[in-house]
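Examining the three-dimensional arrangement
So you can see what is in the structure, the chains are spelled out below.
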Amino acid sequence: SQELEQSPQSLIVQEGKNLTINCTSSKTLYGLYWYKQKYGEGLIFLMMLQKGGEEKSHEKITAKLDEKKQQSSLHITASQPSHAGIYLCGADSNDYKLSFGAGTTVTVRA
Amino acid sequence: GAVVSQHPSRVICKSGTSVKIECRSLDFQATTMFWYRQFPKQSLMLMATSNEGSKATYEQGVEKDKFLINHASLTLSTLTVTSAHPEDSSFYICSARDATPEQFFGPGTRLTVL
């Protein structure tokens, strides 16, 4: 199975500040997914990366996949209270079954 | 993005009873659906993969007779927790995909077994 490590486990940022979450895999990734979850709710799809060196952005969130396809980062610019939640990275081993990291809890302080 | 619904959102049942959870893709045809469970403050664990018209494949350690999965159509998969016990209490989430790699998740079902 795909082992995924997310860091940090949790972080608190002041509104307006930037933040970065990392996701590292023990194996080469076929696909890397980023989701956001509010506690006790479903997952909201953010982005999917497949190619080495790929970078995608949506609004103030940017995700990157390194050339070796073993590490991904999620960067939020000028964070807002709406960015608070649990961010999960999920790895696809080429069979569409996702294994997830433990999650990063983001708190945005006004 | 694509919408996946789950019903019910919450269910409380007595020990020994069976509970059925539905997962529907509302605006696309889901060739594959996945069932996950999530314990408090933990990440999601894949339970099984469900393809329309065929038997589900279960992950190691998941009892197929306990967690019955039926994927009767391209828009509906059901998970039945049979003879539920308190240790089955959890948050169950489904996801669905069509021919594209993206997976879209339902809002989850919180099961509490008394």
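For the structure itself, look to the data block above.
Let me begin by describing the structure that accompanies this report. Since the structure is predicted, the reported quantities are computational estimates derived from the model, not experimental observations.

This part takes up the overall build of chain B. A tally of helices and strands in chain B yields zero helices and eleven strands. In chain B, the succession of helices and strands from N to C terminus is β-β-β-β-β-β-β-β-β-β-β. Taken over C-alpha atoms, the radius of gyration comes to 13 Å for chain B, in line with the 13 Å a tight globule of 114 residues would show. Across its three principal directions, the C-alpha atoms of chain B cover 40 × 25 × 20 Å. Looking at chain B as a whole, 49% of its 114 residues are labelled buried. Counted over contacts in chain B with a minimum sequence separation of 6, partners at least 24 positions apart contribute 54%.

Residue and element names in this part refer to chain B. Enumeration according to the criterion identifies five salt bridges over all chains in this entry. The partner of Arg24 in a salt bridge is Glu22, with the nearest N and O atoms 3.4 Å apart. Taking relative accessible area as the criterion, Arg24 reaches 34% and is therefore assigned partly exposed. Notably, a salt bridge pairs Asp88 with Lys66, separated by 2.8 Å at the nearest N-O pair. Here the residue Asp88 occupies a position in the loop between strand S8 (76–81) and strand S9 (90–97), and Lys66 occupies one in the loop between strand S6 (57–58) and strand S7 (67–73), the gap between them amounting to 22 residues.

Attention now goes to the sheet that holds strand S3 (residues 19–25) of chain B. Residue and element names in this part refer to chain B. Strand order in the open sheet formed by four strands is S1-S3-S8-S7, with antiparallel pairing between adjacent strands. Looking at the sheet topology across the chains shown, the edges are occupied by strand S1 (4–7) and S7. Between one strand and the next, the sheet's axes are offset by a mean angle of 15°, whatever the strand orientation. Judged from the four bridges that link them, S1 and S3 form a sheet pairing that is antiparallel.

What follows deals with the pairing of strand S11 (residues 109–113) of chain B. All names here are of chain B. Here S11 shows a buried face lined by Thr109, Leu111 and Val113 and an unburied face lined by Arg110 and Thr112. Bridge count between strand S2 (residues 10–13) and S11: four bridges; the pairing is parallel. In the sheet register, Val11 faces S11, and the bridge partner there is Leu111. Relative to S11, S9 runs antiparallel, the two being bridged by three bridges. Bridge pairing links Phe91 to Arg110 in S11.

Once that is clear, we can look at the side chain of Asp92(A). Locating Asp92(A) in the fold gives a position in strand S9 (residues 85–92). Within the buried set, Asp92(A) has no salt-bridge partner at all; the shortest N-O distance to an opposite charge, 7.0 Å, is to Arg97(B). Apart from residues no more than four positions distant in its own chain, Asp92(A) is found in contact with Leu29(A), Tyr30(A), Gly31(A), Tyr33(A), Lys97(A) and Leu98(A).

The rules behind the values
- Residues numbered from 1 in each chain as written.
- Chains lettered and ligands numbered in written order.
- Predicted model: local features only at pLDDT ≥ 70, side-chain atom pairs only at ≥ 80, totals over all residues.
- Heavy atoms only, no water.
- Helix = DSSP H or I, 4+ residues; strand = E, 2+ residues; numbered from the N terminus.
- Rg over C-alpha atoms; globule rule 2.2 N^0.38 Å.
- Buried < 20%, exposed > 50% of the residue type's maximum accessible area, 1.4 Å probe, protein only.
- Contact = heavy atoms within 4.5 Å.
- Salt bridge = Lys/Arg side-chain N within 4 Å of Asp/Glu carboxyl O.
- Pairing = 2+ DSSP bridges.
- Axes fitted to C-alpha atoms, helices over the stretch in contact; angles between N-to-C directions.
- Lys, Arg positive; Asp, Glu negative; His and termini not counted.

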